[in-house]
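Summary of the model geometry
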Amino acid sequence: PDYIERVGYNETYHYCGTIDRLGLDIKSGSPCAWHVLQHAAYFYLPGNVIGSWHTVYLRQDGSYAIKKYHPQELQAAFKVFAAALTLNQWKRENKV
């Protein structure tokens, strides 16, 4: 129960996220390229003790698919996520 819909905050990069389950995200749509960025952000939230993350994609017919994200993939994706955060902050500061 402690790791269901758990909110975390990264003080270094100033973002927060709500994790569905520790190490697991549940989606009801199709896989999208940006999902790895979301998992990378979760990976760097305080208290993360999981080395890899998984997404369970629920399908309308009741079946599901699982995608595993490895630590190296999450580390690379976090660079993209951090760059997007930096750009967003710059845009807010410069009212762009």
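To start, this report covers the structure provided alongside it.

Reading the values: rules and limits
Residues numbered from 1 in each chain as written. Predicted model: local features only at pLDDT ≥ 70, side-chain atom pairs only at ≥ 80, totals over all residues. Heavy atoms only, no water. Pairing = 2+ DSSP bridges. Helix = DSSP H or I, 4+ residues; strand = E, 2+ residues; numbered from the N terminus. Phe/Tyr/Trp six-rings, centres within 6.5 Å; stacked < 30°, edge-to-face > 60°. Buried < 20%, exposed > 50% of the residue type's maximum accessible area, 1.4 Å probe, protein only.

Digging into the pairing of strand β1 (residues 4-10)
Relative to strand β2 (residues 15-21), β1 is paired through 6 bridges, and the arrangement is antiparallel. Among the inter-strand pairings, Arg6 is bridged to a residue of β2, identified as Ile19.

Overview of the packing of aromatic side chains
Counting across every chain of the model gives 7 aromatic pairs. Considering the side-chain rings of Tyr13 and Phe78, the 5.1 Å spacing of their centres and the 85 degrees angle between planes classify their relative orientation as edge-to-face. Residue Tyr13 is located in the loop between β1 and β2, and its partner Phe78 is located in helix α2 (residues 71-93); the two are separated by 65 residues in the primary sequence. Take Tyr13: its relative accessible area is 37%, and that puts it in the partly exposed class. By relative accessible area, which is 7% here, Phe78 ends up buried. An angle of 80 degrees between the planes, with centres 4.9 Å apart, marks the rings of Tyr15 and Phe81 as edge-to-face. Of the two residues, Tyr15 sits in strand β2 while Phe81 sits in helix α2, which places them 66 residues apart along the sequence. Taken as a pair, Tyr15 and Phe81 share a single burial class, namely buried.

Taken by themselves, the reported measurements are silent on function.
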